[in-house]
Amino acid sequence: MEREWYAHFNDDEKAFVDKAWDWIKRAEDHHAVKRTDFLDPRQCHILTTLANRADVHVRQDGGYEGAERKRAVITPDYRDPAAEEIGIKVLAVTSADSRFNSLDHGDFMGAILSLGIKRDRIGDIHVIGHACHILVAEEIAEYFSMNLTQVHRVGVSTTLLPLAGLTTAQVQLEEMGLSVASLRLDGIASDVWRLSRAKILLPIKAGRCKLNWKAEEDPSRLLKEGDVVSLQGFGRFKVLEIEGVTKKGRMRVRVGKYV
């Protein structure tokens, strides 16, 4: 029989729902402690929602306060998850090459994936000019450190640091003021990325868009303040403020595009 909570999640999330529920039941019924890979905010929400249905404790930690991607520790209700190691290292990447300072988040992500490392083994990535600090699962930290030798054709060196050595980058948003006919996803996204309405529909309907880390294929979905929209291959933006309606009946919206 289909689990009753499936109705709360998208079809493409059901595989993760099943996996998370299995972790929870193993902790509850078999007294197992589970440490997950890095989860995105939507997966963290799903895990928390399911854990509230069972006698377990869940700790989520991305290595620093305010982390977006986090590992979780799931324990039986009689164990303190705070006593369990979260298993995160900091990979510090540096280079003597002056081109290093022009590398961005996407360059480092591409180099990571080219090593055959899955995205869920990597936490947040902080590009801080003279270096890049990458949160990584300790299980693959040594492999990562030995094999990451180049980022976008720039030779690099790596050092493993404890979490205390982490330097975080402040999130930078390029603010934009828009005047739109409505708060529809496709309308705002087309203005942010300067694409025609027809061109923005294709990736949305193809499943390449996420709204608050949840797949969104409905271009007519209305956005609200605080929503984060990402589009594969284009980046992401956040709706900062809905400022009101103009005399001509259009909506004034302030958004921040992640840079």
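In what follows, the accompanying structure is described. The model shown is predicted, which means the values in this text are computed figures rather than measured ones.

1. So, the overall build of the protein chain
Moving on, step 1. The secondary structure content of the protein chain amounts to six helices and 15 strands.
Moving on, step 2. Counting over 259 residues, the protein chain shows a buried share of 42%.
Moving on, step 3. When contacts within the protein chain are restricted to residue pairs at least 6 apart in sequence, long-range pairs at least 24 apart make up 58% of them.
Moving on, step 4. Accessible surface, the protein chain as shown: approximately 13,800 Å² in total, 47% of it carbon and sulfur.
Moving on, step 5. Side chains of the protein chain carry 38 positive and 38 negative charges; the gap between the two charge centres is 6 Å.

2. A short note on the sheet that holds strand β6 (residues 132-137)
Moving on, step 1. Across the sheet, four strands lie side by side as β5-β6-β4-β9; this open sheet has antiparallel pairing. Looking at which strands have only one partner, the edges of the open sheet turn out to be β5 (122-127) and β9 (157-161). Here the strands of the sheet are splayed against their neighbours by 20° on average, with no regard to which way each runs.
Moving on, step 2. Where strand β4 (residues 88-94) and β6 come together, six bridges link them in antiparallel fashion. Residue K89 lies in a different strand from β6, and its bridge partner there is V136.

3. With respect to the pattern of salt bridges
Moving on, step 1. Per the stated rule, a full pass over the model turns up 19 salt bridges.
Moving on, step 2. Note that R42 is salt-bridged to E13, the shortest N-O span being 2.8 Å. A residue pair is termed long-range when its members are at least 10 positions apart, and R42 in helix α2 (residues 41-51) and E13 in the segment before α1 (14-30) qualify at 29 residues. Grouping residues by exposure puts R42 and E13 together as buried.
Moving on, step 3. The salt bridge involving R99 is made with D97; its shortest N-O contact spans 2.8 Å.
Moving on, step 4. Here the salt bridges share partners, and the residues they tie into one network are R35, R71, E138 and E139.

4. Some remarks on the nonpolar core
Moving on, step 1. With 31 residues, the main nonpolar core has V93, I122, I134 and F144 as its most contacted residues.
Moving on, step 2. When residues of this core are traced back to their parent elements, those giving at least two are β4, α3 (105-114), β5, β6 and α4 (138-147).
Moving on, step 3. In terms of residue count, β6 provides more of this core than any other element does, five residues in total.
Moving on, step 4. By size, the runner-up hydrophobic cluster in this structure holds 21 residues, among which are M176, V192, L223 and L231.

5. Details of unusual backbone geometry
Moving on, step 1. At R194, a residue that is not glycine, the phi angle is positive and equals roughly 55°.
Moving on, step 2. Counting through the fold element by element, R194 comes out in the loop between α5 (185-192) and α6 (197-205).
Moving on, step 3. Here N212, not a glycine, exhibits a phi torsion of approximately 55°, which is positive.
Moving on, step 4. Structurally, N212 is set in the loop between β11 (209-211) and β12 (214-215).

Rules used throughout
Residues numbered from 1 in each chain as written. Predicted model: local features only at pLDDT ≥ 70, side-chain atom pairs only at ≥ 80, totals over all residues. Heavy atoms only, no water. Helix = DSSP H or I, 4+ residues; strand = E, 2+ residues; numbered from the N terminus. Buried < 20%, exposed > 50% of the residue type's maximum accessible area, 1.4 Å probe, protein only. Contact = heavy atoms within 4.5 Å. Areas by Shrake-Rupley, 256 points an atom, 1.4 Å probe, with all protein chains shown as cover. Lys, Arg positive; Asp, Glu negative; His and termini not counted. Charge placed at Lys NZ, Arg CZ, Asp CG, Glu CD. Pairing = 2+ DSSP bridges. Axes fitted to C-alpha atoms, helices over the stretch in contact; angles between N-to-C directions. Salt bridge = Lys/Arg side-chain N within 4 Å of Asp/Glu carboxyl O. Core = buried A, V, L, I, M, F, W, Y, C linked by side-chain atoms within 4.5 Å.

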